[in-house]
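Residue strings, one per chain:
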Amino acid sequence: MSGYQRLGYGVAMLLLASSAFHLVVYAVDGGGWGGPVSWRKPILFGFSFGVTLLSLVWIAGRSGLGERQERWLVGTLTVASLVETALIDLQRWRGVPSHLNFGTPVDAAVSAALAAVAIVGLIPTIIAIAVLAWRRFDGSPSMRLAVWAGLAVLLLSLVAGGALIANGRAIGLPPQATDLSIFGAAGQLKVPHAVTLHAVQALPLLAAVLMLTGWSEAARVRLVAVAAAGYGGVVLVSVLQAAQGLAPADLTVLSGVLLVASVTALAGAGVVAVSRVSRSKLVAFGRLRGPLGLPGRTHT
């Protein structure tokens, strides 16, 4: 493991610790969960950036990066994730909204810095890691499919994040005045943005669990494909609801049927995988060394 990978994992754990710390603060301090100024932001952003950074550093480490590529991609992604989360935490402790807040020179500077870090640091590195992983990720066919599908959905989160910002700018009101993530009557753009962030953890985790079963690689690929289709269906439902200006729970017949089918496929794949775990393979797996509990370069 290179020094940049260690740095990435270390910062990711720091972000997760920050999320846990702010959860404790929220439990003590209270206040609402929603709104532009709540403890929800440092809790969720710390968690999301932490697990996403863990996943991407692991993927980058198995994608044949040279030393220079690793320095720029893993190093830039790590620093950008840390800065983005720190600025969000800063604004919550100051008691002001973090995004699209131009009320004071300091707030405007923080909002500009958040946008700059995303545009210059996060977006290019995520795209570059995705491209490299699609070309040369080193893993079993089922793990490759899980990583590729997870990265494809993660790229959609960049689009969803851009839609959030564009919607807020179009509304043109300060974040204290209204919910800038609402599209139309009640469409919630935060939902597709949140959902698309975590396929890159869920699908590779499923593939890792399948490596502990006695199934053939062809069977593992099929189950990962079912789970990926299910996750894609959940994403599609969240997008349809938001685009139609409907609240997440205000499901149409089409969205309701699609959601039930998608959740059934995704959850069913997970239940089946866990139920087929082999005790002997689990013991052997525990002897392998690899970040995130995933085997280093085993293709069984």
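Treat the numbers as computed from the prediction; the structure is a model and nothing was measured.

J.: Let's hear about the overall build of the protein: which residues, and what values?
T.: Scanning the protein from N- to C-terminus turns up 10 helices and two strands. Element order for the protein, N to C, with α for helix and β for strand: α-α-α-α-α-β-β-α-α-α-α-α. Whereas a compact globule of 300 residues would reach a radius of gyration of roughly 19 Å, the protein reaches 20 Å, a difference of no more than 12%. Here the C-alpha coordinates of the protein stretch approximately 60 × 50 × 40 Å along the principal axes. Within the span of the protein, comprising 300 residues, buried residues form 45% of the whole. Per element, the accessible surface of the protein, about 14000 Å² overall, is 71% carbon and sulfur. For the protein, the centre of its 21 positive side-chain charges and the centre of its 10 negative side-chain charges are spaced 11 Å apart.

J.: Which residues make up helix α8 (residues 217-243), and what values go with them?
T.: The end-to-end C-alpha distance of α8, which contains 27 residues, comes to 38 Å, matching closely the 39 Å that a straight helix rising 1.5 Å per residue would cover. Positive backbone phi, approximately 70°, marks glycine 245, located one or two places after α8.

J.: Give a detailed account of the packing of helix α7 (residues 199-210) against helix α9 (residues 253-275), specifying residues and quantitative values.
T.: Two packed helices can be described by the angle between their axes and the distance between those axes. Where α7 contacts α9, the axes come no closer than 9 Å and their chain directions differ by 25°. As the angle between them shows, α7 and α9 are arranged roughly parallel. α7 and α9 meet at a crossing whose hand is left-handed. Here Leu206, Val209 and Leu210 of α7 come into contact with α9, specifically with Ala269, Gly270, Ala273 and Val274. Looking at the contact of α7 with α9 residue by residue, the classes come out as six nonpolar, one polar and no charged.

J.: Tell me about the packing of aromatic side chains, and please be specific about residues and values.
T.: Throughout the structure, instances matching the rule amount to four aromatic pairs. Ring centres of tryptophan 58 and phenylalanine 137 lie 5.7 Å apart, and the angle between their planes is 65°; this geometry places the pair in the edge-to-face category. Here tryptophan 58 is found in helix α2 (residues 40-61), whereas its partner phenylalanine 137 is found in the loop between α4 (105-136) and α5 (141-171), with 79 residues between them in sequence. Its relative accessible area of 5% is what places phenylalanine 137 among the buried residues. Sitting over the ring of tryptophan 39, arginine 92 keeps its end group 3.8 Å from the ring centre.

J.: Explain the pattern of salt bridges to me, and be specific about the residues and the numbers.
T.: Scanning the entire structure with this criterion turns up two salt bridges. The closest approach of N and O atoms between arginine 94 and aspartate 107, which form a salt bridge, is 2.6 Å. Here arginine 94 is found in helix α3 (residues 67-94), whereas its partner aspartate 107 is found in helix α4, with 13 residues between them in sequence. Looking at arginine 94, the relative accessible area reads 38%, which means it is partly exposed. Overall, the relative accessible area of 4% leaves aspartate 107 in the buried class.

J.: Could you give me a rundown of the packing of α8 against α9, with the residues and numbers involved?
T.: Contact geometry for α8 and α9: axes closest at 8 Å, N-to-C directions at 150°. Here α9 runs roughly antiparallel to α8, going by the angle between their axes. Crossing of α8 against α9: the hand is left-handed. Facing Leu223, Val226, Ala227, Gly230, Tyr231, Gly233, Val234, Leu236, Val237, Leu240 and Gln241 of α8, the residues of α9 in contact are Ser255, Leu258, Leu259, Ser262, Val263, Ala265, Leu266, Ala269, Val272 and Ala273. Taken together, the residues of the contact of α8 with α9 break down into 16 nonpolar, five polar and no charged.

J.: Please give an account of the nonpolar core that cites residues and values.
T.: Within soluble globular proteins, side chains that are nonpolar generally end up buried alongside one another. One finds Ile59, Met143 and Leu151 to be the most contacted residues of the largest nonpolar core, which totals 53 residues. Apart from the residues within four sequence positions on either side, isoleucine 59 is in contact with Ile129, Ala133, Phe137, Val147, Leu151 and Val200.

J.: Account for the side chain of histidine 198, naming residues and giving values.
T.: Position of histidine 198 among the secondary structure elements: in the loop between α6 (190-196) and α7. Residues within four places of histidine 198 in sequence aside, it is in contact with Phe47, Ser48, Val51 and Tyr231.

J.: With reference to specific residues and values, describe the environment of alanine 229.
T.: Mapped onto the elements, alanine 229 comes out in helix α8. Alanine 229 gets classed as exposed once you look at its relative accessible area, which sits at 52%. Placed 36 residues apart in sequence, alanine 229 and alanine 265 show a C-alpha to C-alpha distance of 7.6 Å.

J.: Residues and numbers for unusual backbone geometry, please.
T.: A positive phi angle, near 55°, is found at leucine 100, a position not held by glycine. Relative to the elements of secondary structure, leucine 100 occurs in the loop between α3 and α4.

J.: Outline a nonpolar patch on the surface, listing residues and values.
T.: Taken together, Ile119, Val120, Ile123, Ile127, Val131, Trp134 and Trp148 make up a surface patch of nonpolar side chains, about 610 Å² in accessible area. Looking at the nonpolar patch, the element that brings in the most residues is α4, giving six residues. Residue position: isoleucine 119 is located in helix α4.

Reading the values: the criteria
- Residues numbered from 1 in each chain as written.
- Predicted model: local features only at pLDDT ≥ 70, side-chain atom pairs only at ≥ 80, totals over all residues.
- Heavy atoms only, no water.
- Helix = DSSP H or I, 4+ residues; strand = E, 2+ residues; numbered from the N terminus.
- Rg over C-alpha atoms; globule rule 2.2 N^0.38 Å.
- Buried < 20%, exposed > 50% of the residue type's maximum accessible area, 1.4 Å probe, protein only.
- Areas by Shrake-Rupley, 256 points an atom, 1.4 Å probe, with all protein chains shown as cover.
- Lys, Arg positive; Asp, Glu negative; His and termini not counted.
- Charge placed at Lys NZ, Arg CZ, Asp CG, Glu CD.
- Expected span 1.5 Å × (residues − 1).
- Axes fitted to C-alpha atoms, helices over the stretch in contact; angles between N-to-C directions.
- Parallel < 35°, antiparallel > 145°, perpendicular 65-115°, else oblique.
- Left-handed = near helix turned anticlockwise from the far one by under 90°.
- Contact = heavy atoms within 4.5 Å.
- Nonpolar A, V, L, I, M, F, W, Y, C, P; charged D, E, K, R; others polar.
- Phe/Tyr/Trp six-rings, centres within 6.5 Å; stacked < 30°, edge-to-face > 60°.
- Lys NZ or Arg CZ within 6 Å of the ring centre and 35° of its normal.
- Salt bridge = Lys/Arg side-chain N within 4 Å of Asp/Glu carboxyl O.
- Core = buried A, V, L, I, M, F, W, Y, C linked by side-chain atoms within 4.5 Å.
- Patch = residues over 30% accessible without salt bridge, like charges linked within 9 Å, V, L, I, M, F, W, Y side chains within 5 Å.

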